Amino acid sequence: MPGVSTELGVGQEEHAVGAASTREPQTSQASLPRGIWGSLLGTDFSITHRQIGNWNTRVLEMGTGDELLILLPGTGGHLEAYSRNLAKLGSQFRVVAYDWPGHGFTSLAQADLELPAYLEHLDGVIDSFGAESAHLCGESLGGWVAAKYAAAHPERVRRIVLNTPGGTMSAPDVMARIRDLSQAAADDPTEERIRKRLEWLMADPASVTDELVAVRQAIYSQPGFAQSMRHILCLQDPTIRQRNLITDDELAAIRAETLVVWTSDDPSGPAAAGLQMAERIPAARFALIEGAGHWPQWEQSAVFNELVANFLREGLSR
């Protein structure tokens, strides 16, 4: 598969790390897929708000499959991060993407958001669709939440994709960078500051489209969003982060078959971090996507879609 260096069990980690040196050329602007909403042309989907606990939650739903697949975005993110994946995944699953508490166009946060708040909210989302269980696909913070949720509620989780997941590292320079770029963009949501925050996520700055900047600028310009961002970013405080990290015992408690996805250019940490995570999950495999940063689902969407669809499809026959 072009752009994927390997997909393998955790006993072959040395090949995955070495594969990063034979990366694909970075994606050019001309070859990028259609825009956020252009990617959904010809599909049926709905965007509504659902009351999940105390949170008026913005939710996108697509597809009519028998199994529920929930897509979980990253810190400061929003459901549009998955716009290039919805059509493909929605052809096989009932797909849900939503804005976290304090994020996007969901209710803004009035207090710090630690992992228990996100776990409770995810549990409520699954309940709101009348599902007993769901597949989870989480990027960054989304992977962090997915892993903890799977450990705490194994009966509610089918298969998991942990896409450049957070929750196992506490690198002071990375945490400071996320905090500074995110808060600056929320405090003063100019095109320049928003673009700078988004470019940090990408291997190729040209991956940041004007449309993506405009969407995030509209979200970050909401009255009260700057304060909500402060509550979101509490997880970048070393003390708060430490008590929310994914433990080795939690990784060992995950019973769902799991795909850990890392990239050749992830600014949050090296591929070895993903490999170590996969090693600690009993039924995990690892894949490295080349020519992508922290958002492979956006920068290498065709590769990501095929990889994830194939992995999840395996579970449909069991």
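What comes next is a walk through the structure. (Residues numbered from 1 in each chain as written. Predicted model: local features only at pLDDT ≥ 70, side-chain atom pairs only at ≥ 80, totals over all residues. Heavy atoms only, no water.)

What follows concerns the packing of helix α6 (residues 191-199) against helix α7 (residues 210-220). The packing of two helices is summarised by the inter-axis angle and the distance between the axes. Interhelical geometry of α6 versus α7 gives an angle of 110 degrees and a closest axis separation of 9 Å. Comparing their axes, α7 and α6 come out roughly perpendicular. For the pair α6 and α7, the sense of crossing is right-handed. Each of Glu191, Ile194, Arg195, Arg197 and Leu198 in α6 lies in contact with α7, whose residues at this interface are Asp210, Leu212, Val213, Arg216, Gln217 and Tyr220. The residue makeup of the contact of α6 with α7, split by class, is five nonpolar, one polar and five charged. (Axes fitted to C-alpha atoms, helices over the stretch in contact; angles between N-to-C directions. Helix = DSSP H or I, 4+ residues; strand = E, 2+ residues; numbered from the N terminus. Parallel < 35°, antiparallel > 145°, perpendicular 65-115°, else oblique. Left-handed = near helix turned anticlockwise from the far one by under 90°. Contact = heavy atoms within 4.5 Å. Nonpolar A, V, L, I, M, F, W, Y, C, P; charged D, E, K, R; others polar.)

Attention now goes to the side chain of arginine 216. As for its placement among the helices and strands, arginine 216 is situated in helix α7. Within the structure, the side chain of arginine 216 is placed 3.1 Å from the side chain of histidine 78, a separation counted as a polar contact. When sequence neighbours within four positions are dropped, the list of residues in contact with arginine 216 reads Gly76, Gly77, His78, Ile194, Arg197, Leu198 and Trp295. (Polar contact = N/O pair within 3.5 Å; in protein donor to acceptor, adjacent residues only side chain to side chain.)

Positionally, arginine 241 belongs in helix α9 (residues 238-244). One buried charged residue, arginine 241, forms no salt bridge at all, with the nearest opposite charge on aspartate 237 at 9.7 Å. A polar contact of 3.1 Å, which involves the side chain of arginine 241, links it to the backbone oxygen of leucine 235. Not counting the four nearest positions on each side in its chain, arginine 241 is found in contact with Trp144, Gly167, Met169, Ser170, Met175, Leu235 and Gln236. (Buried < 20%, exposed > 50% of the residue type's maximum accessible area, 1.4 Å probe, protein only. Lys, Arg positive; Asp, Glu negative; His and termini not counted. Salt bridge = Lys/Arg side-chain N within 4 Å of Asp/Glu carboxyl O.)

Let us now look at the packing of aromatic side chains. Tallied over the full model, the rule gives five aromatic pairs. With a centroid separation of 5.2 Å and an interplanar angle of 75 degrees, the aromatic rings of tryptophan 100 and tyrosine 118 are classed as edge-to-face. Taken as a pair, tryptophan 100 in the loop between β5 (94-98) and α3 (115-128) and tyrosine 118 in helix α3 lie far apart in primary sequence, 18 residues in all. The class of tryptophan 100 is buried, set by a relative accessible area of 0%. Arranged with centres 5.9 Å apart and planes meeting at 65 degrees, the rings of tryptophan 295 and tryptophan 298 form a pair that is edge-to-face. On the basis of relative accessible area, tryptophan 298 is assigned to the buried category, the value being 1%. Through successive ring pairs, a cluster of aromatic residues spans Tyr98, Trp100 and Tyr118. Of note, arginine 50 hangs over the ring of phenylalanine 129, and the distance from its end group to the ring centre comes to 3.8 Å. Over the ring of phenylalanine 311 we find arginine 159, and its NZ or CZ is 4.7 Å from the ring centre. (Phe/Tyr/Trp six-rings, centres within 6.5 Å; stacked < 30°, edge-to-face > 60°. Lys NZ or Arg CZ within 6 Å of the ring centre and 35° of its normal.)

Core analysis: the biggest nonpolar cluster contains 76 residues, and Ile70, Tyr98, Leu122 and Ile160 have the highest contact counts within it. With eight residues, the single largest contributor to this core is helix α4 (residues 141-152). Judged by nonpolar contacts, the second largest core, of 26 residues, contains Tyr82, Val161, Leu259 and Phe304. (Core = buried A, V, L, I, M, F, W, Y, C linked by side-chain atoms within 4.5 Å.)

Here we come to unusual backbone geometry. Notably, serine 140 is not glycine yet its phi reads approximately 55 degrees, a positive angle. Tracing the chain through its elements places serine 140 in the loop between β6 (134-139) and α4.

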